[in-house]
Amino acid sequence: VVKPRETMVITVGAGGEEEGAKPRGGVADVFLVRKDGSVLTNMTKRAKIQEQLSGLQRIVHKASDKKKEKAEKKVAKVQEKLEKVSKKLNEAGEAGKTNAVVGSFVMFHSEDAQQDCVRHYSSEGANRPVCLKPRPEFLLDGKRVAVRDAPEPSDLVWENLEVGRVERAGRKCVSSFFSVLVIVISIAVIVYGKTYNESLKVTGTQCTDAITIQNCNEGVAWTTVTAHGCSGGASSCTVADAWGVDLAVELPVTPLHLDTAASPLKTSILSGADCRLLSDADPSLGVSLPSAISTGCKSNATVTEGQWKALVETGFSGLGGTAGGLCAMCTCKALQDSGSLLWWQSFGDSATIKMADGTAMCTAQANDFFVLLGLQLAAVAVVVIFNTIMKTTTQLLAFFEKHHTLAEQETSIAIAVFVGQFVNTALVSLLVYAEISTIKNRIKDALQGDASAFPIFAGSYSDFSEQWYGVVGAQLMLTIIINVFLPLVPLVTAALVNCCLPCMTKGVASQQALNRAYLGADFVLSTRYGMLLNTIFTCFMYASGMPILLFVGACICFVTYWIDKIQLLRFSRLPPQYSDKLAMYILTTFKYAILLHMLFAVWVFSATKVTGDNMFPRPSLSADFDKTIQGWVDEAFGCVLHDTEAKCLSTPSCMWASTCIVDTSSQEWKDYASFSFFQRLFNAITFPYFFFTILFVVVIVLKWTPLWPFLSAIRGLIAELAAERWKKMRSRNKVAQAPPPEAPKPPMPDYLDAVSGGRFGNFATDYNITQVGRYKDLFENESNLQLFRKLSPYQSILEGK
């Protein structure tokens, strides 16, 4: 009896018979699949508990009197577990009922016989509507019979074969829910960690505010007398004299000077050296920007130890509370950025330069700096940690999904690992640091003005600016580079375990345990595929702006290849015969990495700087096209509607030039140019990427439509005609020669010949579970084998006849 909808057809040793030999019959053997899941699970549990019990009993035998009592308690608990599992198995055996049949494996002598059978049953299902009753030979117990190719015996998870489609679909939904939950938790932790990191930077940005810098310079107690930094060997002078500041002139930009020509803005700390003046004759004209002064002048304007001591001793007495603390922080930050060793002497308990009250002025700023540095490293570490957690969690959830084959199980793990790691690695940083004003304001309004509870699209970077690459790009690069070394972890672990095996196996309880120890660990494909997919997608995604990621990704693939090769051949046990499902599925996902690369290339190559200038040039496609676009822009800004100069100039975004046109120097125009659809896409740099992206998407969508087979046939016809034309062109000036005869292919033996000839090597030759892979050791226990034969009276129908 075979249950319908779960029948599988397989051919092992497929091929034709030897020339001149009499063909054998189609079916070589038939194996029934029963509901053996609970039995196999309990047998596996019992074997593990028995091994654990044997180890504990050896410990009790060798333990001292003090430790023996504790070990005997553990033995009692393990014996109790063993009795419970054994009781379940004994009850199943004493019930006298055989396990129900849920399917069968049919083995054929030749590939032709197998294909004929599959074709026969598949054509019935494909050509006959579901609403019509099938012919009798396609029915079993009044239901349709499902026939499909079966996987290799070692690829099967026999405990799960009894689980039907509906139950597996339900388990998949539950597993997907928990996978999403783990991803959301990891996103929340990473997001709020990076948000706190950003909050520490906000104070630092105040040090590039012109008003703050001016207030700090005015808040210095310039008239206070000090004994430090006095020129000419004087024993005392004012702080202004020590710093070279002429108070008779309008207060100069000392000690802090904001360099507005630098990008990003930078605040420098400089003394009042005369060489900084724009005019020695007229000091009121001001000073040069820090980036404009000469190297020699910069050296003369460098803060000396005496000047710094004078400033620290007096502090910003003109300011109090928060303002004074902010000025102290900005001054210390500028000193640190200058690379001066004085900064290291101005914070902590070991500081040698202190204020009048005995405290170090730069302690608070140094603490913030080291916390920020630690958080930046922690942000990378958290991503790596959660990626590892994601890998472990997805493996457990894949076991819960009850896949029928290891290939399906590995595919599920690989997809989940990839999705989780890609979100944590590539997308979270993009969302946290990105600033999209429209979304940010809507979130803020929805949360009644407090957007800290949902800090997405509320970052510091509205585009892929140079500052983005310095902060986010650096973190991303470091995270990906760590992936170069991650494959070393299992290899080093396996090598250490292999070296320590003689010591670790001295107290093993059985020969089976000793054999398993020396077989090595399983070589898991799924997590490796998931991590490689994450690396490839992340590198392709950001490679437009950071081309070095392509080299880093290539290095990761190279290192992973050699490390996995060494581990597989030297330290791992023989893996099962996986089908090509996982490898082919991974290959089909690569096209989406290319699509992602082209989409982000459009964004990256059309990015703008903080100042509003373009990061990359935007050459026009054509003059006519630009004229058309300009007409649309004029209509959008409404400039073409003004026919008089007065009306035109009254509009902030318009200017008069014989006619009213858009003012490209206005802030409205810069905001529009930064995010304008036309400005970003329709230029000679980004338009090719945009065009091929659209083409790529159309092809992918067409593959899911009924038009694709027709288009594929046309493509094949064109390719065939082109190949024929190419052959004629090449043979036009050549003497026609007959092609060499093809060497006859050696005949492939049929199934029985393949078995007798040892063609299967160390792999299973049939679907007898007692001789397949990891179940073989389980049934070496005679009691397990007898019980299993009682519940599943025969495995082979032909064997039983």
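Please refer to the structure higher up on the page.
All values derive from a computational prediction rather than experimental measurement. (Residues numbered from 1 in each chain as written. Predicted model: local features only at pLDDT ≥ 70, side-chain atom pairs only at ≥ 80, totals over all residues. Heavy atoms only, no water.)

Participant: Just to check I follow, could you spell out unusual backbone geometry for this structure?
Facilitator: Glycine aside, residues mostly have negative phi, and peptide bonds are mostly found in the trans state. Of the consecutive residues Thr254 and Pro255, the connecting peptide bond is found in the cis state with omega at 0 degrees. Among the structural elements, Pro255 can be located in the loop between α6 (239-243) and β8 (256-259). For Lys402, which is not glycine, the phi torsion reads 60 degrees and is therefore positive. In this structure Lys402 comes out as partly exposed when scored by relative accessible area, which is 25%. (Helix = DSSP H or I, 4+ residues; strand = E, 2+ residues; numbered from the N terminus. Buried < 20%, exposed > 50% of the residue type's maximum accessible area, 1.4 Å probe, protein only.)

Participant: Explain the packing of helix α2 (residues 65-94) against helix α27 (residues 782-791) to me, please; I cannot follow it from the model alone.
Facilitator: Helix-helix packing is described using two parameters, namely the angle between the two axes and the distance between the axes. The geometry of α2 relative to α27 is characterised by a closest axis approach of 9 Å and an angle of 40 degrees between their N-to-C directions. Relative to α27, α2 is oriented oblique. Like other packed secondary-structure pairs, α2 and α27 cross with a definite hand, here left-handed. Across the interface between the two elements, Leu89, Ala92, Gly93 and Glu94 of α2 pack against Leu787, Lys790 and Leu791 of α27. Considering only residue class, the contact of α2 with α27 consists of four nonpolar, one polar and two charged. (Axes fitted to C-alpha atoms, helices over the stretch in contact; angles between N-to-C directions. Parallel < 35°, antiparallel > 145°, perpendicular 65-115°, else oblique. Left-handed = near helix turned anticlockwise from the far one by under 90°. Contact = heavy atoms within 4.5 Å. Nonpolar A, V, L, I, M, F, W, Y, C, P; charged D, E, K, R; others polar.)

Participant: Please explain the packing of aromatic side chains as it appears in this structure.
Facilitator: Note on aromatic pairs: each is described by the distance of the centres and the angle between the planes. Evaluation of the coordinates by the stated rule reveals 27 aromatic pairs. Consider the rings of Phe691 and Phe692, whose centres lie 5.4 Å apart with planes at 75 degrees: the pair is edge-to-face. Taken together, Phe464, Trp468, Tyr469, Tyr542, Phe600 and Trp603 form an aromatic cluster joined through their ring pairs. In this arrangement the basic side chain of Arg171 is found over the ring face of Phe400, its NZ or CZ atom lying 4.8 Å from the centre. One Lys or Arg, Arg528, reaches over the ring of Phe523 and ends 4.1 Å from the middle of that ring. (Phe/Tyr/Trp six-rings, centres within 6.5 Å; stacked < 30°, edge-to-face > 60°. Lys NZ or Arg CZ within 6 Å of the ring centre and 35° of its normal.)

Participant: Quick question: what am I supposed to make of a positive patch on the surface here?
Facilitator: On the surface, a cluster of positive charge is contributed by Lys70, Lys73, Lys74, Lys77 and Lys81. As for its position among the elements, Lys74 is in helix α2. Of the residues examined, Lys74 reaches a relative accessible area of 45% and is grouped as partly exposed. (Patch = residues over 30% accessible without salt bridge, like charges linked within 9 Å, V, L, I, M, F, W, Y side chains within 5 Å. Areas by Shrake-Rupley, 256 points an atom, 1.4 Å probe, with all protein chains shown as cover. Salt bridge = Lys/Arg side-chain N within 4 Å of Asp/Glu carboxyl O. Lys, Arg positive; Asp, Glu negative; His and termini not counted. Charge placed at Lys NZ, Arg CZ, Asp CG, Glu CD.)

Participant: Please explain the pairing of strand β10 (residues 654-657) as it appears in this structure.
Facilitator: Regular strands place side chains that alternate from one sheet face to the opposite one. Pairing between β10 and strand β11 (residues 659-662): four bridges, direction antiparallel. Looking across to β11, one finds that Trp656 is bridged to Cys660. In this antiparallel pair of consecutive strands, β10 and β11, the connection spans one residue, and Ser658 shows a positive phi of 65 degrees. (Pairing = 2+ DSSP bridges.)

Participant: Explanation requested: a nonpolar patch on the surface in the structure shown.
Facilitator: Taken together, the side chains of Val174, Phe177, Phe178, Leu181, Ile185, Val189 and Phe400 present a nonpolar region at the surface, about 590 Å² in accessible area. It is helix α4 (residues 165-205) that contributes the most residues to the nonpolar patch, six residues altogether. Among the secondary structure elements, Val174 is positioned in helix α4. On the basis of relative accessible area, Val174 is assigned to the partly exposed category, the value being 35%.

Participant: Looking at this model, I keep getting lost on α27. Mind explaining?
Facilitator: An α-helix turns once every 3.6 residues. As a result, residues three or four positions apart point the same way. Among all positions in α27, only Asn784, Leu787, Phe788 and Leu791 are buried. Buried positions in α27, seen along its axis, are confined to an arc of 100 degrees and lie on one side of it. Of the surrounding secondary structure, the elements contacted by the buried residues of α27 are β2 (27-34), α1 (37-62), α2 and α26 (775-778). (Arc of directions from axis to C-beta.)

Participant: Before we go on, may I ask you to explain the state of the cysteines in this structure?
Facilitator: Each disulfide is one covalent bond, formed between the sulfur atoms of two cysteines. Applying the stated criterion to the full structure yields five disulfides. Disulfide pairing places Cys207 opposite Cys330 at an S-S distance of 2.1 Å. In this structure the cystine formed by Cys207 and Cys330 twists about its S-S bond by roughly -85 degrees; its chirality is therefore left-handed. Here the residue Cys207 occupies a position in the loop between α4 and α5 (210-218), and Cys330 occupies one in helix α9 (residues 321-337), the gap between them amounting to 123 residues. Taken as a pair, Cys207 and Cys330 share a single burial class, namely buried. With its sulfur 2.0 Å from that of its partner, Cys332 forms a disulfide with Cys362. Across the S-S bond of Cys332 and Cys362 the torsion is about -85 degrees, and the bridge reads as left-handed. Of this pair, Cys332 sits in helix α9 while Cys362 sits in the loop between α9 and α10 (363-400), placing them 30 residues apart in sequence. Grouping residues by exposure puts Cys332 and Cys362 together as buried. (Disulfide = S-S within 2.5 Å.)

Participant: In this structure, what is going on with the pattern of salt bridges? I would like to understand it.
Facilitator: Where charged atoms of side chains with opposite charge meet at close range, the side chains can pair. Under the counting rule described, the total for this entry stands at six salt bridges. Here Glu167 makes a salt bridge to Arg171, at a shortest N to O gap of 3.2 Å. Highlighted residues: Glu167 and Arg171, both in helix α4, separated by four residues, approximately one helical turn. With a shortest N-O distance of 3.5 Å, Asp522 and Arg573 are connected by a salt bridge. Highlighted residues: Asp522 in the loop between α15 (511-519) and α16 (525-542) and Arg573 in the loop between α17 (548-571) and α18 (581-605), separated in sequence by 51 residues. Using a relative accessible area of 26% as the deciding quantity, one classes Arg573 as partly exposed.

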